[in-house]
Amino acid sequence: MAGWREADQASNRVLGTAGDDSSAGPALALAALERLTARELEQAAFELLRDPAVEEEVRLPSRPESARIARRLVIAVLRCWELPQQQDAGELLVAELVANAVRHAGGRTVGLRMARRPGWVRIEVRDSSRALPCMIVAAERGGAENGNGLVLVDAVSDRWGADLMPRGKAVWCELRVRERAV
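The sections below set out a description of the structure shown in this document. Nothing here was measured: the structure is a model prediction, and the numbers come from that model.

Parameters and conventions
Residues numbered from 1 in each chain as written. Predicted model: local features only at pLDDT ≥ 70, side-chain atom pairs only at ≥ 80, totals over all residues. Heavy atoms only, no water. Helix = DSSP H or I, 4+ residues; strand = E, 2+ residues; numbered from the N terminus. Buried < 20%, exposed > 50% of the residue type's maximum accessible area, 1.4 Å probe, protein only. Contact = heavy atoms within 4.5 Å. Areas by Shrake-Rupley, 256 points an atom, 1.4 Å probe, with all protein chains shown as cover. Axes fitted to C-alpha atoms, helices over the stretch in contact; angles between N-to-C directions. Parallel < 35°, antiparallel > 145°, perpendicular 65-115°, else oblique. Left-handed = near helix turned anticlockwise from the far one by under 90°. Nonpolar A, V, L, I, M, F, W, Y, C, P; charged D, E, K, R; others polar. Arc of directions from axis to C-beta. Pairing = 2+ DSSP bridges.

### Remarks on the overall build of the protein chain
Turning to step 1, where the next piece is worked out: The secondary structure content of the protein chain amounts to 6 helices and 5 strands.
Turning to step 2, where the next piece is worked out: For the protein chain, the α and β elements follow one another from N to C terminus as α-α-α-β-α-α-β-β-α-β-β.
Turning to step 3, where the next piece is worked out: Within the protein chain, the fraction of its 182 residues that count as buried is 47%.
Turning to step 4, where the next piece is worked out: Intrachain contacts of the protein chain at a sequence separation of at least 6 include 65% that bridge at least 24 residues.
Turning to step 5, where the next piece is worked out: If you sum the accessible surface of the protein chain, you get close to 9700 Å²; carbon and sulfur atoms cover 50% of it.

Take a look at the structure:
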C-alpha cells in the first residue's frame, strides 16, 4: 500500500507538478489540485484508476464536492472494467466514504483507490486522521440525512473495514463480483 508521500508523487505525475522537494511537495500538489476544474480532475484521476493491474491512489481536495467527483470516477472505472452491475452500489459507497472523510478527518486531501481482484472489487478512501470509524445508528432528527453513512456502507457492501496507516487510515469496502464464464 502506498503511503501519503507515494500518493503525492502519483498525483504529481498526473498533474504534471514537481513534488520532489519534500518541503514544498504536498503544498504544491494541493495547489495544483485546487486549480483543476472538476472535469480536469476527473480526467486525470480516471487515467490512474482505470487499469486494474495498477493500484494507484488519486488525491482529491477535502471538500464536499469531491464526493460527486469520486462517484463519477467509480462509475467510469466500473464501466471500463465491464462491471455495470456494480455501478449503483459503488457510486453510493464511495460517496459515503468520501463524505465521511471530508466531514470527520479534517485533512486537506482524501485519497481514492480502487482494486480489482478475482471475485471482488475494492473501493478505498484514505484520510489523514488515525481515528477509526465506528458504526452508530443516528436517531431520527427531523429528516436529517447525516449520521447513517456506515450503516449504509454495511448494508450495501459485502464487507468493509478500516486499516491504520503510518499517517492516517484507509476505510474500505468490497463488492462481490460474479465472474463471467469464458
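### Focus on the packing of helix α3 (residues 38–49) against helix α4 (residues 65–80)
Turning to step 1, where the next piece is worked out: Running from N to C, α3 and α4 cross one another at 40 degrees; their axes reach a closest spacing of 10 Å. It follows that α3 is oblique to α4 by the angle criterion. In the packing of α3 onto α4, the handedness of the crossing is right-handed. Between α3, through Ala 38, Arg 39, Leu 41, Glu 42, Ala 45, Phe 46 and Leu 49, and α4, the contact on the second element is made entirely by Ile 69, Arg 72, Leu 73, Ala 76, Val 77 and Cys 80.
Turning to step 2, where the next piece is worked out: Split into classes, the residues belonging to the contact of α3 with α4 amount to 10 nonpolar, no polar and 3 charged.

### Quick word on the packing of α4 against helix α5 (residues 87–104)
Turning to step 1, where the next piece is worked out: Look at α4 against α5: their axes get within 8 Å of each other, and the N-to-C directions meet at 150 degrees. Comparing the axis directions of α4 and α5 gives the class roughly antiparallel. The element α4 and its partner α5 pack so that their crossing is right-handed. Together, Ser 66, Ala 67, Ala 70, Arg 71, Val 74, Ile 75, Leu 78 and Arg 79 of α4 and Gln 87, Gly 90, Glu 91, Val 94, Ala 95, Val 98 and Ala 99 of α5 make up the contact between the two elements.
Turning to step 2, where the next piece is worked out: Class assignment for the residues of the contact of α4 with α5 results in 9 nonpolar, 3 polar and 3 charged.

### Concerning helix α6 (residues 149–156)
Turning to step 1, where the next piece is worked out: All buried positions along α6 are accounted for by Gly 149, Leu 150 and Val 153. One face of α6 carries all of its buried residues, which in axial projection span an arc of 90 degrees.
Turning to step 2, where the next piece is worked out: The inward-facing, buried residues of α6 contact α5, β4 (159–165) and β5 (168–176).

### Details of unusual backbone geometry
Turning to step 1, where the next piece is worked out: One non-glycine residue, Glu 82, lies in positive phi territory at about 60 degrees.
Turning to step 2, where the next piece is worked out: Positionally, Glu 82 belongs in the loop between α4 and α5.

### Details of the sheet that holds strand β1 (residues 57–61)
Turning to step 1, where the next piece is worked out: Here 5 strands make up an open sheet; going across it, the order is β1-β2-β3-β5-β4 and the pairing antiparallel. Every interior strand has two partners, whereas the edge strands, β1 and β4, have only one. Geometrically, the sheet is characterised by an average inter-axis angle of 20 degrees between neighbouring strands, direction not taken into account.
Turning to step 2, where the next piece is worked out: As defined by bridge partners, β1 adjoins strand β2 (residues 109–117) across 5 bridges and the pair is classed as antiparallel. In the strand pairing of β2, Pro 61 is matched with Thr 109.
Turning to step 3, where the next piece is worked out: In the packing of α3 onto the sheet, the strands contacted are β1 and β2, and the crossing angle to β1 comes to about 160 degrees.

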